[in-house]
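What follows is the residue order along each chain.
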Amino acid sequence: MNLWNFVYRKTRRCTDAVYFTMIALFLFVAASPNSHSSPVSDNRTGLPIGSELDDDAINNPREVFHSEAMRGRKSYLSNLGNLAFNTPYTLGAAAQKAHISCATCHVNGASNPKLFIPGLSTHPGTFDTTNSLFNPKTDNGVLDPVTIPSLRGARLLAPYGHDGRTASLHDFVRNVIVNEFAGTEPSSQILDAIVVYIEDIDFLPNPSLDKTGRLTPSASPSQQRGETLFRKPFPHDSSMSCAGCHVPSAAFVDHRQHDIGSGGLYKTPTLVNADFGAPYFHDGRFDNYSQVIDYFDRAYNLALNAQDRADMAAYLTAIGDGVRPEYHLTGTNVLEDIDGFASVLDIAISSHDTPVVEFTVRSVSDLLQDLSERYPDPKNHEISGGVNERALARATIAALMQILHRVDLDVAAGRFDEAADNYLAYRKLALATAPMALHAAEPWSLFTPAHHDTHAAMPQPTDATIATKAASEISAPRR
C-alpha cells in the first residue's frame with residue numbers, strides 16, 4: 001500500500017463530525033497568525049509594520065543540554081519547559097496574537113540578533129522590556145531597549161537581568177511572563193519547568209579554553225599577549241583589571257554589579273560564547289570587540305597601542321568562541337523537535353494531568369500548523385511541481401493534529417485509557433509514516449532555500465483574501 005492510500009483509507013473512516021473538524025483544522029492552518037512572512041507587512045500580528053522577528057529562518061542555532069551530556073537524555077520537566085518556552089500561550093494576549101514566545105527572542109536558548117520592532121528597538125538585537133504594546137501596566141514611558149542575551153550557561157550567571165536586580169531565576173522568569181508580557185500567573189509546575197529548561201542549556205564547548213578558563217597551549221602569540229593584558233592591573237588602580245570582574249575560572253563573571261560609566265549599575269556579563277552575542281553592552285551600543293576595547297581604553301586610561309588592541313580583540317575572540325551546533329532546517333528534523341515537545345504527553349496522560357495535556361495539545365498543534373505552512377497548498381502556484389507530495393505532507397500533518405484533538409477530548413472527558421491509545425497512534429504516525437511524507441515533499445517545501453526566498457518576496461494574503469478562501473473551501477462539495 002502506498003503512503004497516500006494509507007492516509008486516504010484512514011481519513012475515509014472518519015465520521016462527519018471528525019471530517020468537519022479536520023476541515024476546521026485545515027482552515028485554521030490557512031488563517032494562522034504565524035503564517036506571515038518576515039518582516040511584518042500587515043496588521044494581522046498587531047506588531048508595527050517592518051518588525052523583524054526572523055521567525056522564518058531556515059538555519060538556527062541549537063541548544064547544548066547539560067542533562068544530555070550527563071545522562072544522555074532530558075528530563076520530563078526540561079521537555080515541558082522547552083515546550084512552554086516555545087509556545088505563545090505562556091505569554092499574554094498581545095504576544096499570542098503576534099505569535100511571539102520566549103523562543104522568539106531567545107532562539108533555542110541563544111539570542112536573536114536580527115529581532116527588531118519599530119518603537120521598541122533602537123537597532124537589531126535590542127528590545128524594550130517595559131512598553132505599552134505587550135503590557136501597558138508596566139510601561140515606563142521611556143524607550144530604553146536592552147540587548148537580548150543568550151541563556152546559555154544561565155545557571156552559572158546569577159543575578160539575572162542586565163542590572164542584576166533579580167537573584168532568583170524563578171523570579172526573573174515569572175517577571176518576564178507576568179509583567180513584561182502580561183501573561184497569566186503560570187502554574188508552579190510550568191514555572192519550575194521553564195527554569196529547569198533554562199538551567200539545562202549549557203555553554204557551547206570551546207576547545208580554546210581549559211577547565212580554569214585559561215587559553216590552551218594551541219593559542220596564537222597574539223591571543224596569549226591578549227590574555228596577559230586581560231590580567232594586567234589598570235594603570236590608575238592596581239586593584240583593578242579586566243580579569244578582576246570577568247573572572248576566567250568562574251565563567252568570566254563575578255556575580256556583581258558595576259558602574260563603568262555606561263549609564264548606571266549593570267552586572268558583569270559573561271564573555272563565554274560572546275562571539276555569538278553582538279551587539280555589546282546592556283543597550284547594544286557597540287557592534288564588535290574593537291569598539292568595546294576602545295571604550296575601556298578611553299574610560300580607564302589604559303594607554304593601549306594598536307598592537308595591544310589587536311591582541312585584546314584576538315583574545316576576546318578566542319574565549320568567546322564555541323563549537324556551535326547549527327543545522328539547515330528540514331521538515332523531518334522540525335517534526336522530530338515537535339515530537340520531543342509531544343513526548344510530554346507520555347507522563348501527563350499517565351498521571352492524569354489534564355491542564356498539561358490541554359496545554360501540550362494546543363501548543364503542539366500550533367507548531368504542526370506552522371510546519372504545514374512550510375509545504376505550500378497545492379492550489380498555491382508560486383511553487384510548481386510536487387502537487388501530490390505537498391498534498392500528502394499537509395494531509396499527514398492534519399491527521400497528526402486530528403489525533404491530538406482526540407487525545408484532548410478523551411482527557412477532558414476523563415477517558416485516559418482511550419487518550420493513551422490515541423497518543424500511541426500519534427506516535428506511530430509521527431515516527432513512521434509522517435517523516436516519509438515530509439521527506440518526499442521536501443524539494444517543493446519552504447525549507448528549500450530557493451523556494452523560501454521566493455515565498456518571502458511574494459506579497460502575503462490579506463485578512464479578506466484568507467476569509468474568502470476559507471469560505472470557498474467550506475462551501476466546496478465533498479468528494
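Since we're looking at a predicted model, the values are computed, not measured. Note that residues are indexed from 1 along each chain, following the sequence as it is written. A pLDDT threshold of at least 70 governs which residues receive local features in this predicted model, and a stricter bar of 80 or more applies before side-chain atom pairs are shown or counted, although totals over entire chains, interfaces and linings include all residues. Remark: hydrogens and water are excluded; side-chain values derive from all non-hydrogen atoms of the structure.

**Quick word on the nonpolar core**
Alright, step 1. By nonpolar core we mean a set of buried residues, namely Ala, Val, Leu, Ile, Met, Phe, Trp, Tyr and Cys, connected to one another through side-chain atoms within 4.5 Å. A simple rule labels every residue: compare its accessible area, found with a 1.4 Å probe on the protein chains alone, to the largest value its type can have, and call it buried under 20%, exposed over 50%, or partly exposed in between. One finds I100, F134, I198, V364, L368, L371 and Y426 to be the most contacted residues of the largest nonpolar core, which totals 76 residues.
Alright, step 2. If we ignore the near neighbours within four places in the chain, the residues touching L368 are L335, I338, I397, L400, M401, L404 and Y426.
Alright, step 3. L271, Y295, L302 and A318 belong to the second-largest nonpolar core, a separate cluster that totals 32 residues. Note on definitions: a residue-residue contact is assigned when non-hydrogen atoms from the two residues lie within 4.5 Å.

**Overview of the packing of helix α15 (residues 354-373) against helix α16 (residues 387-412)**
Alright, step 1. One way to put it is that α15 packs onto α16 with a least axis distance of 10 Å and a crossing angle of 170°. Taken together, the axis directions place α15 and α16 in an arrangement best described as roughly antiparallel. On α16, the residues that touch T354, V357, E358, V361, V364, S365, L368, Q369, L371, S372 and E373 of α15 are R394, I397, L400, M401, L404, V407, D408 and V411.
Alright, step 2. Charged means Asp, Glu, Lys or Arg here, nonpolar means Ala, Val, Leu, Ile, Met, Phe, Trp, Tyr, Cys or Pro, and polar covers whatever is left, Gly included. Residues belonging to the contact of α15 with α16 are distributed by class as follows: 11 nonpolar, 4 polar and 4 charged. Inter-axis angles, ranging from 0 to 180 degrees, are taken between N-to-C directions of lines fitted to C-alpha atoms, where helices are fitted over the stretch in contact. Labels follow the DSSP assignment, with helices taken as runs of H or I lasting at least four residues and strands as runs of E lasting at least two, numbered in each case from the N terminus. The scheme is simple: roughly parallel for angles under 35 degrees, roughly antiparallel for over 145, roughly perpendicular for 65 to 115, oblique for anything else.

**Re the side chain of R374**
Alright, step 1. Within the secondary structure layout, R374 lies in the loop between α15 and α16.
Alright, step 2. A positive count includes Lys and Arg, and a negative count includes Asp and Glu. His and the chain ends are not counted in either. Any carboxyl oxygen of Asp or Glu within 4 Å of a side-chain nitrogen of Lys or Arg constitutes a salt bridge here. Buried charge without a partner: R374 forms no salt bridge, and the closest opposite charge is D370, 4.3 Å away.
Alright, step 3. With residues near it in sequence (within four places) discarded, R374 still touches D55, D56, A57, I58, S445, L446 and F447.

**Focus: the confidence of the model for the protein chain**
Alright, step 1. A residue's pLDDT is the confidence the predictor assigns to it, expressed on a 0 to 100 scale. Residues at a pLDDT of 70 or more form 87% of the protein chain, whose mean pLDDT is 89.
Alright, step 2. Note on residues 1-36: pLDDT under 50 across the span, and 60 contacts to partners over four residues away in sequence or across chains.
Alright, step 3. This model gives residues 462-479 a pLDDT under 50, and the stretch forms 15 contacts once residues within four places in sequence are excluded.

**With respect to the pattern of salt bridges**
Alright, step 1. Summed over the entire model, instances satisfying the criterion amount to 12 salt bridges.
Alright, step 2. Across the salt bridge formed by R415 and D410, the nearest N and O atoms sit 2.9 Å from each other.
Alright, step 3. For R415, a relative accessible area of 37% puts it in the partly exposed group.
Alright, step 4. With relative accessibility at 7%, the residue D410 sits in the buried group.
Alright, step 5. Taken together, the shared-partner salt bridges connect D294, D297 and R309 into one network.

**Comments concerning the packing of helix α13 (residues 331-342) against helix α17 (residues 416-441)**
Alright, step 1. Following both chains from N to C, one finds α13 and α17 inclined at 170°, their axes separated by 9 Å at the closest point. Compared by their axis directions, α13 and α17 come out roughly antiparallel. Taking contact as the criterion, the partners of G331, T332, L335, I338, D339 and A342 in α13 are, on α17, Y423, Y426, R427, A430, L431, A434, P435, L438 and H439.

**Notes on unusual backbone geometry**
Alright, step 1. For the peptide bond that leads from A158 to P159, omega is 0°, which places it in the cis range.
Alright, step 2. Along the polypeptide, P159 turns up in the loop between β3 (146-147) and α7 (169-180).
Alright, step 3. Note the cis peptide between A278 and P279, where omega equals 0°.
Alright, step 4. Relative to the assigned elements, P279 resides in the loop between β5 (266-267) and α11 (289-299).
Alright, step 5. Of note in the backbone geometry, H99 takes a positive phi value of approximately 60° without being a glycine.
Alright, step 6. Of note in the backbone geometry, N273 takes a positive phi value of approximately 60° without being a glycine.
Alright, step 7. Summarising the element assignment, N273 is placed in the loop between β5 and α11.

**Some details on helix α8 (residues 188-200)**
Residue pairs spaced three or four apart in an α-helix point in one direction, given the helix's 3.6 residues per turn.
Alright, step 1. For α8, spanning 13 residues, the distance from its first C-alpha to its last is 18 Å, which sits close to the expected 18 Å at 1.5 Å a residue.
Alright, step 2. If you check which residues of α8 are buried, you get I190, L191, A193, I194, V195, Y197, I198 and D200. A helix is expected to reach a length of 1.5 Å times the quantity of its residues less one.

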